[in-house]
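What follows is each chain in one-letter form.
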Amino acid sequence: MFTRIYLHIPFCRSKCPYCAFVSSQTQTVPADYTELLLAEMRLAAALPAQHTPLESIYFGGGTPSLLEPSSVATILAQAKDLFGLAANAEITLEANPGTVDAMRLAAFRKAGINRLSLGVQSLDDRLLKTLGRIHTARQALDAFSAARTAGFDNIGIDLIHALPGQSERMWQADLEQALRIAPEHLSVYGLSVEEGTPYADRYADNEELLPDQDLAAEMFELADEVLTTHGYEHYEIANYALPGRRSRHNSGYWHRDGYLGLGRGAHTFLRDTPYGTRCSNTPDPDEYRNEICNGALPWRDISILSSEDAMTEYMFLGLRMADGIGFNAFEQEFGVPLDQVYGETTRGFAQAGLLEITNHRVRLTRRGMLLSNQVFSKFLP
Ligand code: SF4
């Protein structure tokens, strides 16, 4: 069973040195990639997995805004034909501000995109340069205002803090500028240096070039304070939304809704077995192309989850949300009270001030959100 589709567009104009996502460097999306996505979608439609009309479709990357708007329209039309589309489905496109202009944004809107996720990252040109981004702060602000003119009334922006050379004051300036344009949604991440990226080489032996943990924590708290004061709901560790504007697609991940992942390197989660099945598409371009052309889904690492796997996921995905986990919902899902399985762990974290336990639910405290990895690791088998 799945109710959502994720399409991975693994192409970028240039590779940002901090990024570990699957993507290749190119100026435009290769002509055959859309055809492969369409063919993969048809193969997936023949699966016995059931589906209801799709609640959300998400074009992620990479840089989905490198797609031609006409390709987006074709993909959406086929998805609607094959699976049906709920009347109020959320359809998101991630856009790099360096790849869009007023005309392209209007064409994406016309193609059926109703939510834009703009990869702003910073509104400070020096930091954008450090991040290796292809756009300036001005271009990001212009892209935002062009998106509004094109009719987008649901726009999220991404910002990163704890950057090399960034002070708390610079972070505050970024937040204040972001508030001035009033996006419906903000994703706010602390920089994490991922293995295998140029940043890992640059900073592994020079950690002192990055803000220390205390400063990174102060930046997290500053974002929480500034954004919640301005009416944004801190609904997930890294995500803030105006009322009614949470990302429905991403909320589906945290609630363990089934989704079909299409495209090179995409992940899929089907609610077809009692506790679900996860798999991922090959990230290799030749394998991906050849298998689809031969009529096979390019799935790898197929894992049928046990109840223990699913409980672990349920805990660390559910605790990401500010609402936390309801005791009744857990028991309904697994037929056993949460306290019976995790009581000792949750009470320990409550005593340490990282979890809050009420009569009905358990959730991270603000300090728990800061130290969430420490909490999540205790739920692993
Ligand atoms: S544009 Fe996005 S996906 Fe592409 S390299 Fe940069 S951060 Fe990664």
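Residues numbered from 1 in each chain as written. Predicted model: local features only at pLDDT ≥ 70, side-chain atom pairs only at ≥ 80, totals over all residues. Heavy atoms only, no water.

**Q** Mind laying out the packing of helix H11 (residues 307–318) against helix H13 (residues 338–351), listing which residues take part and the relevant values?
**A** Direction vectors running N to C along H11 and H13 enclose 50 degrees, while the axes themselves pass 12 Å from each other. With respect to H13, the element H11 is oriented oblique. Considering the relative orientation of H11 and H13, their crossing is right-handed. Across from Met311, Thr312 and Met315 in H11, the residues of H13 making contact are Leu338, Val341, Tyr342 and Thr346. Here the contact of H11 with H13 is composed, by residue class, of five nonpolar, two polar and no charged. (Axes fitted to C-alpha atoms, helices over the stretch in contact; angles between N-to-C directions. Helix = DSSP H or I, 4+ residues; strand = E, 2+ residues; numbered from the N terminus. Parallel < 35°, antiparallel > 145°, perpendicular 65-115°, else oblique. Left-handed = near helix turned anticlockwise from the far one by under 90°. Contact = heavy atoms within 4.5 Å. Nonpolar A, V, L, I, M, F, W, Y, C, P; charged D, E, K, R; others polar.)

**Q** Break down the site of the ligand for me, citing the residues and quoting the values.
**A** Surrounding the ligand, one finds Cys12, Ser14, Lys15, Cys16, Tyr18, Cys19, Gly62, Thr63, Asn96 and Arg133. In terms of residue class, the shell around the ligand is made up of four nonpolar, four polar and two charged. (Near = heavy atom within 4 Å.)

**Q** Can you break down the pairing of strand E1 (residues 2–9) residue by residue, with the values?
**A** Counting buried residues along E1, eight of its eight residues qualify, which places the element largely inside the surrounding structure. Relative to strand E4 (residues 51–61), E1 runs parallel, the two sharing seven bridges. The residue of E4 that forms the bridge with Leu7 is Phe59. As paired strands, E1 and strand E11 (residues 259–262) are joined by four bridges and run parallel to one another. Counterpart to Arg4 in the pairing with E11 is Tyr259. (Buried < 20%, exposed > 50% of the residue type's maximum accessible area, 1.4 Å probe, protein only. Pairing = 2+ DSSP bridges.)

**Q** Which residues make up the packing of H11 against helix H12 (residues 327–334), and what values go with them?
**A** Packing of H11 against H12 brings their axes to within 11 Å, and their N-to-C directions diverge by 160 degrees. It follows that H11 is roughly antiparallel to H12 by the angle criterion. Crossing geometry of H11 relative to H12 is assigned as right-handed. Here H11 contributes Ser307, Ala310, Met311, Tyr314 and Met315 to the contact with H12, which in turn contributes Ala329, Phe330, Glu333 and Phe334. Taken together, the residues that form the contact of H11 with H12 break down as seven nonpolar, one polar and one charged.

**Q** Please provide a residue-by-residue account of the environment of Phe349, values included.
**A** Tracing the backbone through its elements, the reader meets Phe349 in helix H13. The buried category is assigned to Phe349, whose relative accessible area is 9%. Along the chain, Phe349 and Thr365 lie 16 residues apart, while their C-alpha atoms are 9.9 Å from each other. If we ignore the near neighbours within four places in the chain, the residues touching Phe349 are Leu354, Leu355, Gln374, Val375 and Lys378.

**Q** Can you tell me about the domain arrangement of the protein chain, naming the residues and giving the values?
**A** On domain assignment, one finds that the protein chain holds domain 1 (2–253) and domain 2 (307–377). Look at where the C-alpha atoms of domain 1 and domain 2 centre, and you get two points 28 Å apart. Between domain 1 and domain 2, a total of about 1100 Å² is buried, with carbon and sulfur atoms accounting for 59% of that surface. It is Phe220, Glu236 and Ile237 in domain 1 that bury the most area against domain 2; as a group they hold 44% of the surface buried on that side. In this structure, the salt-bridge partner of Arg246 is Asp323, at a minimum N-O distance of 3.2 Å. At the junction of domain 1 and domain 2, the tally comes to five residue pairs in polar contact (both at pLDDT 80 or more). Among the elements of the structure, helix H8 (213–229), strand E9 (233–236) and helix H9 (248–254) are those that each provide at least two residues to the side of domain 1 that touches domain 2. With five residues, H8 is the largest single contributor of residues to the side of domain 1 that touches domain 2. For the side of domain 1 that touches domain 2, the class distribution of residues is five nonpolar, two polar and five charged. (Domains from an automatic or database assignment. Buried area = accessible area lost by both parts, 1.4 Å probe. Salt bridge = Lys/Arg side-chain N within 4 Å of Asp/Glu carboxyl O. Polar contact = N/O pair within 3.5 Å; in protein donor to acceptor, adjacent residues only side chain to side chain.)

**Q** Let's hear about the state of the cysteines: which residues, and what values?
**A** Enumeration according to the criterion identifies zero disulfides in this entry. The thiol sulfur of Cys279 is not disulfide-bonded, and the nearest other cysteine sulfur, from Cys293, lies at 19 Å. (Disulfide = S-S within 2.5 Å.)

**Q** With reference to specific residues and values, describe the packing of aromatic side chains.
**A** Within this structure, the stated rule accounts for 16 aromatic pairs. Between Phe11 and Tyr33, the aromatic rings sit 5.0 Å apart at their centres with planes inclined by 85 degrees, giving edge-to-face as the arrangement. Taken together, the positions of Phe11 in strand E2 (residues 11–12) and Tyr33 in helix H1 (residues 31–45) put the pair 22 residues apart, joining distant regions of the chain. Residue Tyr33 is classed as buried on the basis of its relative accessible area of 3%. When the centroid spacing of 5.0 Å and the interplanar angle of 75 degrees are considered together, the rings of Tyr199 and Tyr203 count as edge-to-face. Of this pair, Tyr199 and Tyr203 both sit in helix H7 (residues 198–203), separated by four residues, roughly a single helical turn. Directly above the aromatic system of Phe152 lies the positively charged group of Arg109, at a separation of 5.7 Å from the ring centroid. The residue whose ring lies beneath Arg278 is Phe269, and the NZ or CZ to ring-centre distance is 3.9 Å. (Phe/Tyr/Trp six-rings, centres within 6.5 Å; stacked < 30°, edge-to-face > 60°. Lys NZ or Arg CZ within 6 Å of the ring centre and 35° of its normal.)

**Q** Account for H8, naming residues and giving values.
**A** An ideal rise of 1.5 Å per residue puts 24 Å on 17 residues; H8 measures up with 24 Å between its terminal C-alpha atoms. Among the residues making up H8, those that are buried are Met219, Phe220, Leu222, Ala223, Asp224, Val226 and Leu227. Buried positions along H8 lie against strand E7 (155–161), helix H6 (168–181), strand E8 (185–190), E9, strand E10 (239–241) and helix H14 (366–370). Backbone nitrogen of Asp214 and a side-chain oxygen of the N-cap are separated by 3.1 Å at the start of H8; the cap is Asp212. Positive phi appears at Gly231, one or two residues downstream of H8, with a value of about 90 degrees. (Expected span 1.5 Å × (residues − 1).)

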